[in-house]
Amino acid sequence: MSAPLLEVRGLSKSFRGIRAVSNVHFEVAKGEVLGLIGPNGSGKSTLFNCVLGQLRPDAGEVRLNGQDVTGLDPTALSRRGIGRTFQLLQVFPALSVRDNLVLAGQEHRGTMLGRLFMSPDAGQRARADELLDLFRLARLADEPAGSLSYGQQKLLDIAMAFMAEPELVLLDEPAGGVNPTMLGDVESLLRRLNEELGATFVVIEHNMSFVMGLSHRVMVLAQGQVLATGSPDEIRADQRVIEAYLGD
Amino acid sequence: MGTMRWIAGGIFLALLVLLPRELKPYGIFLMSNWVLFCVVAMGLNLTLGYAGQISIAQAGFLGVGAYTTAILTTRFGWDFWLTLPVATGLSFLLGLIVGFPALRVQHHYLAFVTLGFNILIYLVFRNEDWLTGGAFGIFDIPRPGFLGVDMRDPLSFYYLCLVFAALMFAAAWWIVRSPWGRAFAALRENPVRAASLGVDIRTYTLLAFAIGSAFAGLTGAFYASLLEFIDPYPFALEYSLSFLLMVISGGSATLIGPIVGAGMVLLLPEWLRFAKDYYLLIYALLVMVLMAFCPEGMVGLWRRMVAAIGRRRARAPTERPT
């Protein structure tokens, strides 16, 4: 078996003496979808932010393709192939939909100075249009992103995370606030990205049917620690998980 | 709309070329001053309008360029043109330094840091007599030589300033439409998200300051030559506020906003002379009304009018994204 794409070992993070994440181990294999669930305040987002360089972990290490990437800043991690979305919607409202995507890809190739003299689309237009088609946003390509509906902005937000063809994407509540009709779209899109295009991702989500339907494996966090890891069926049947989170 | 824009641009350019021929030397001086201040405001517009980094030090940077050229030409006998790279480089470097605090603080905190920097520069100009001539300033700054044309003639020098401003406008246009322009907009709108997409926020922030400052510094060289005499006062804090007003009242993050704004800030007081002592009062009221009812500035006001006319013409229900 080859080395896992992402390997997290003994990761801990405290805020003023409160352990938000405590000695967490997990791995993500290439092509896998890992669901991350747990009650509010269980440390899911803190764990994400430690992996993604938004926060510096107190202890532990993060390896990408066997290389130590612990403590690198978000820009460096993005350029090494980790994409992400945030819990709250984060697009650039004044930029057009296509420009949002071009921006998400433009810094991954060439040099800083070179980009000043590149064509305005930075050679990203074809890739951007490909994603616009896939996410069914093509007819809105030239609209300012801020004029889109919430659900459409959410799709754009996810598309941006995949723009630079990252090896791994961490999605923080992709279904949050999305209406039920669009929820199915998001789910089928993510499944297609995984099955047809081989995308690997970790997804934090509170919507159980969404995350159970999408994930190959699910990891449950509670009070900053890994409570259980297993297939969606195993997790649904796990007594500890039911007590801590799923309820009856 | 596209052709309309070209026609409007053509008429504007023709006016810029032909109008000064009908003016007295003072009018030509004012227009020269205006085209130069357009460039200074364009620079600030890159920093503030496009990249969203507030800076209240633009007059200081203008002064750095002006003093560099003044000192090098009068004391060391340098040719005007040779001072340009030095004036640009020095202001670029100082802009870079002022950019560093922006990596830590934003908004009104950043405003105070840059404001403090302007005061610092001003004090150097005023108090370091050995270098800057102190409050007495520097006299006899030469006009540049250019293909044997006598630049002491106000009209000739005006045309030189106009060509310079046109080149700088082209440079600003190029930067804004390049991938850098997009990265600056991302920096303005959401730096955290931009960083997560691989945008090097640190470098772009510093660049936004350095480029905006270099626009002012390079213009300073021409400004010193236009005035032929400089003292510290045009580079004081209140003039930085004027440049800020130019960008905002014209329309920030638009290419022509600074041109309109510089015209308003510089020429309106001249036109309001008839009001004598009341001109500042009228001027201040006009600015307040504009900012209260159209915070996007004159360009924003124009766009709103065009949109309103367009709606009235169309009448048909427009398709809206659902």
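Residues numbered from 1 in each chain as written. Chains lettered and ligands numbered in written order. Predicted model: local features only at pLDDT ≥ 70, side-chain atom pairs only at ≥ 80, totals over all residues. Heavy atoms only, no water.

**Student:** Tell me about the sheet that holds strand S4 (residues 59-64) of chain A, residues and numbers included.
**Tutor:** Residue and element names in this part refer to chain A. Within the open sheet, the four strands sit side by side as S2-S1-S4-S5. Their pairing is antiparallel. A strand with exactly one partner marks an edge of an open sheet, and here the two such strands are strand S2 (18-28) and strand S5 (67-68). Here strand S1 (residues 6-15) runs beside S2; their pairing, made up of seven bridges, is antiparallel. Looking across to S2, one finds that Leu-6 is bridged to Val-28. Against the sheet, helix H1 (residues 44-51) makes contact with S1, S2 and S4, and its axis sits at roughly 115° relative to S1, the strand it touches most. (Pairing = 2+ DSSP bridges. Helix = DSSP H or I, 4+ residues; strand = E, 2+ residues; numbered from the N terminus. Contact = heavy atoms within 4.5 Å. Axes fitted to C-alpha atoms, helices over the stretch in contact; angles between N-to-C directions.)

**Student:** Give a detailed account of the pattern of salt bridges, specifying residues and quantitative values.
**Tutor:** Residues and elements named next belong to chain A. Under the criterion given, the structure shown has 21 salt bridges over all chains. Arg-115 is the salt-bridge partner of Glu-107, the closest N and O atoms lying 3.1 Å from each other. For Glu-107, a relative accessible area of 2% puts it in the buried group. Take Arg-115: its relative accessible area is 2%, and that puts it in the buried class. Put simply, Arg-240 and Asp-238 hold a salt bridge, and the shortest N to O gap is 3.2 Å. (Salt bridge = Lys/Arg side-chain N within 4 Å of Asp/Glu carboxyl O. Buried < 20%, exposed > 50% of the residue type's maximum accessible area, 1.4 Å probe, protein only.)

**Student:** Can you break down unusual backbone geometry residue by residue, with the values?
**Tutor:** Not every positive phi belongs to a glycine, and Glu-165 of chain A is a case in point at roughly 50°. Positionally, Glu-165 of chain A belongs in the loop between helix H6 (150-162) and strand S7 (168-172). A residue is classified by how much of its surface remains accessible, and Glu-165 of chain A, at 60% relative accessible area, is exposed. Located in the positive-phi region is Ala-253 of chain B, a residue other than glycine, with phi close to 60°. Looking at the secondary structure, you find Ala-253 of chain B in the loop between helix H11 (237-250) and helix H12 (257-271). Residue Ala-253 of chain B is classed as partly exposed on the basis of its relative accessible area, which comes to 28%.

**Student:** Describe the nonpolar core, naming the residues involved and giving the relevant values.
**Tutor:** Grouped together as the largest cluster of nonpolar side chains are 141 residues, with contacts concentrated most on Leu-101, Phe-135, Leu-190 and Phe-201 of chain A together with Trp-34, Phe-184 and Ile-230 of chain B. Grouped together as the second largest cluster of nonpolar side chains are 26 residues, Leu-36, Cys-50, Leu-77 and Leu-168 of chain A included. (Core = buried A, V, L, I, M, F, W, Y, C linked by side-chain atoms within 4.5 Å.)

**Student:** Tell me about the environment of Glu-228 of chain B, and name the residues and values.
**Tutor:** Residue and element names in this part refer to chain B. Mapped onto the fold, Glu-228 is located in the loop between helix H10 (201-227) and H11. Considering only alpha carbons, one finds Glu-228 and Ile-138, 90 residues apart in sequence, at a separation of 8.5 Å. Within the local environment of Glu-228, its side chain forms a polar contact with the side chain of Arg-152, the two groups lying 3.3 Å apart. (Polar contact = N/O pair within 3.5 Å; in protein donor to acceptor, adjacent residues only side chain to side chain.)

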